[in-house]
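Descriptive structure summary
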Amino acid sequence: MAGQSSTEQIHGYCGLCIARCGYVAVMEDGRFVSLEPDPTHPTGQALCAKGRAAPELVYHPDRLTHPLKRTRPKGDRDPGWQQIGWDEALDLTAAAMRRIAERHGAQAFAFSTASPSTSAIADAAGWIRRLMNAFGTPNASTNVEVCGWGRGFATRYTYGVASVATTIGGAMADIANSSCLILWGYNPSLARLTHATIIVEALKRGMRLIVVDPRRAGLANKADVWLRVRPGTDGALALGLANLMIQRNWYDLDFVREWSNGPLLVRADTGRLLTECDLSASASMRRYVAWDSASGGLVLYDPDTGLYERGGASVALEGEYVIATLQGQVLCRPVFQLYASLCRRYTPEVVEETCWISPEQLQQAAHMIWHSRPVSYYAWSGHEQHTNTTQTARAISILYALTGCFDARGGNVLFPSVPVNSITGEELPSARRLAPALGLAERPLGPSRWNYVTSRELYRAILEEQPYPVRGLLGFGANLLLAHADVRLGRKALAALEFYAHADLFMNPTAEMADVVLPVTSPFEHEALKVGFDVSPEAQSLVQLRRPVVPPRGEARSDTQIVFDLACRLGLGESFWQGDIEAASRKVELYSETFLEHGYPPLPEYQEPMMSPRARPDLATRFPLILTSVKHTLFCESQHRALPSLRRHALHPEVELHPETARLRGIAEGEWVAIETPEGSVRARVRFNPSLDSRVVCGQHGWWQACKELGVLGYDPFGPEGANLNLVISGDARDPISGSPPLRAYLCDVRRIS
Ligand SMILES: Nc1nc2c(c(=O)[nH]1)N[C@H]1C(S)=C(S)[C@@H](COP(=O)(O)OP(=O)(O)OC[C@H]3O[C@@H](n4cnc5c(=O)[nH]c(N)nc54)[C@H](O)[C@@H]3O)O[C@H]1N2
Ligand SMILES: Nc1nc2c(c(=O)[nH]1)N[C@H]1C(S)=C(S)[C@@H](COP(=O)(O)OP(=O)(O)OC[C@H]3O[C@@H](n4cnc5c(=O)[nH]c(N)nc54)[C@H](O)[C@@H]3O)O[C@H]1N2
Ligand code: SF4
Ligand SMILES: [Mo]
């Protein structure tokens, strides 16, 4: 009726970031006007500013609303975008995929996707993987090397499953029942509101909190112990904590004995685990050997059953044993003894020198970890973006094993979740014939093992055709040129592609390199199903169908729709149904023979970050400071800077400096500075942060976008006048196991721009 307005409320969950907060969308006269918290939802206690800005995102004038085709060459400043219909856009893409597959094999066509922690891509990720499997390519560039590897994959080499949950599963911190929580390079107040909410609840009932972070950020202010670690030295810290705990007998002996490979004997001559075959020519390969203190002799361990002969109650964790093998007398030691010796090298003094943490604080943290059990932990970006990420993640996960809290109430627990059929298509015949993913030869235990490729390997395959050519790319939102190191190399590579299609909500500097751009819906415009909300066992049992709040903007389609449309055009329509896989489990591995076989240290040895002042004294005279970075409270990664309600509070990129560091350089707060590294320079405005060590500088990545409504210009992503932090970071030095680049420990200096 005229003059009367109608209000409608639609329940759902926000898909903009990993928190997935439960919401009520408020509609007035068919227009989406606001997003409110939904306290009845397990993750609906609060919404952040980004969630509240959802209507701005949905209705933003810069949203892509039609498929676009490039009409000018890639070097050109103006791509000459021409609006085209969906049929033409999809036909062009499918034809390129087919052509490239025919000429070079399906593996020559790669996919890239935005991280599920910073986007709604999880709504479609299973289908995207299914399309890849049906089409026949193993090459997915999804940020794994900088986000997910440490917590979700490296820890599998310890636990068999991920010991910290990612969107692909794994154990989750049972915070509601923990007596102590360790946040290791993770700031949930900024990154995952729902976690922060339950942590604050737990602190109220007396839970202890240990925070490992170079900055006193978020919940570090409420922590019982805040360990201000030097960026990239977390591995040494974990070994140092373990050293104190072992020395003081603050570890779960029974857990180590029964649930880890700590008792198994290692041959001093080869570094291999001693097996039955070393002892007798007629033995089976599979059984390992431990020392039984009660009988003063050897006892066999069968990995198939997970059992020792005679129950294994008295297997030794320490000692040296000379064993008569088929190759003569061999000195052997239990894995745990070797691990304990490694830890002994990280005395409180060495930790102080390496990590910049005092012996008192180290002792306090070790004491708290043991005496406030059950303890859970969550490690994220702070430990994941380094040249030593894999061994750091292992060192932390093994330290955690000492507490005996893994998969126990109040620890990191494998929450039961609602069983679902996997849709990713691993069972398809085409998936069984996949070529090895890029990088598998160089880093056989790295992301390629799971068919994820690093951006660096993608660029190399495009530009050097090594180990084989990649000619085409289909991007579902990944903003490679802002999110990754090696920006110039990446730009060259994208320009050299025969065909690149990019699906996104907005044009971005990466999408600018595409041949075809496809407009996608925001999560408020398409339906999705979410199984489990991660934060607690109750939340994990919730399954929710999210309905669209508004119809798609313009001609935008969901990522899932695009996948199905392409599958049909590629003649793969039949492959789009059913499947199932399950993870295996085994004993916690303190010692990894798999690592040894591939030439990596079998124990989680600490390696100095490759781009640190200590590792590169040659560069440190000119670039004496350590550059790390953090995400922005108001924006997800490289997004959201065009939304006025958010941008108003953060007009420009900032860099955090200790006031003393600034003073020595004649820099005042709020001034513009150049952040200089051996790769070049970018700009940011100074904010003082007295909680930093004066040798550490903290930048922000992801700045490029303008905000027209506020009259704020964008930043050139490729030049020194701009603010693309990753422009000055090279991935030449990378984690040998995973290929993780040094985004959080690089050499720099900061100079006033006069
Ligand atoms: N120096 C430094 N670099 C970093 C980091 C850091 O801390 N420091 N963090 C790293 C981390 S952890 C990550 S995960 C990466 C993030 O890198 P990306 O995964 O590339 O994430 P964003 O930069 O947020 O860009 C996401 C793009 O996807 C689009 N998008 C959003 N939602 C959707 C959707 O549902 N569908 C589609 N098709 N597109 C969508 C957005 O518009 C945007 O263009 O950056 C990494 N880079
Ligand atoms: N508001 C907002 N939320 C987000 C995102 C966003 O961009 N904005 N991004 C989403 C994504 S993709 C991710 S991956 C998560 C990430 O979530 P987090 O991992 O929490 O991200 P950060 O706050 O960047 O980093 C956590 C902490 O690591 C510290 N740190 C830096 N270097 C080191 C180091 O060498 N060692 C240790 N121990 N700590 C270090 C930083 O000081 C910071 O406080 O957040 C998700 N949620
Ligand atoms: S924290 Fe903010 S952006 Fe993330 S899901 Fe919740 S409301 Fe959405
Ligand atoms: Mo991430």
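Residues numbered from 1 in each chain as written. Chains lettered and ligands numbered in written order. Predicted model: local features only at pLDDT ≥ 70, side-chain atom pairs only at ≥ 80, totals over all residues. Heavy atoms only, no water.

In the vicinity of ligand 2 there are 33 residues, among which N187, D213, D234, F635 and E637 approach most closely. Take N187: an N or O atom from its main chain is 2.7 Å from an oxygen atom of ligand 2. At 3.0 Å from a nitrogen atom of ligand 2 is found a main-chain nitrogen or oxygen belonging to H632. For ligand 2, whose free accessible area comes to 910 Å², the fraction covered by protein is 99%. Residue assignment for the shell around ligand 2 shows that the elements contributing at least two residues are α7 (188-191), α15 (381-384) and β25 (625-630). Its residues placed into classes, the shell around ligand 2 shows 14 nonpolar, 12 polar and 7 charged. (Near = heavy atom within 4 Å. Polar contact = N/O pair within 3.5 Å; in protein donor to acceptor, adjacent residues only side chain to side chain. Areas by Shrake-Rupley, 256 points an atom, 1.4 Å probe, with all protein chains shown as cover. Helix = DSSP H or I, 4+ residues; strand = E, 2+ residues; numbered from the N terminus. Nonpolar A, V, L, I, M, F, W, Y, C, P; charged D, E, K, R; others polar.)

A few words on the site of ligand 1. Taken together, 31 residues are adjacent to ligand 1, and G477, A483, D504, D559 and S638 come closest. A distance of 2.6 Å separates an oxygen atom of ligand 1 from a polar atom in the backbone of G477. Within the contact set of ligand 1, a nitrogen atom lies 3.2 Å away from a side-chain nitrogen or oxygen of E637. Along the lines of polarity and charge, the residues of the shell around ligand 1 split into 13 nonpolar, 13 polar and 5 charged.

Time to look at the pattern of salt bridges. Per the stated rule, a full pass over the model turns up 43 salt bridges. The shortest N-O distance in the salt bridge between E276 and R287 comes to 2.8 Å. Placement of the pair is E276 in helix α11 (residues 276-279) and R287 in the loop between α11 and β13 (288-292), with a sequence separation of 11 residues. With a relative accessible area of 12%, E276 lands in the buried category. Through salt bridges that share partners, R99, R103, E465, R471 and E498 make up one connected network. (Salt bridge = Lys/Arg side-chain N within 4 Å of Asp/Glu carboxyl O. Buried < 20%, exposed > 50% of the residue type's maximum accessible area, 1.4 Å probe, protein only.)

We now examine the sheet that holds strand β1 (residues 7-13). Across the sheet, which stays open at both edges, the 3 strands sit in the order β1-β2-β3 with antiparallel pairing between neighbours. Strands at the two margins of the open sheet, each flanked by one partner only, are β1 and β3 (31-37). On average, adjacent strands in this sheet sit at an angle of 25° to one another, irrespective of strand direction. Both strand β2 (residues 22-28) and β3 contribute to a ladder of 6 bridges, which runs antiparallel. (Pairing = 2+ DSSP bridges. Axes fitted to C-alpha atoms, helices over the stretch in contact; angles between N-to-C directions.)

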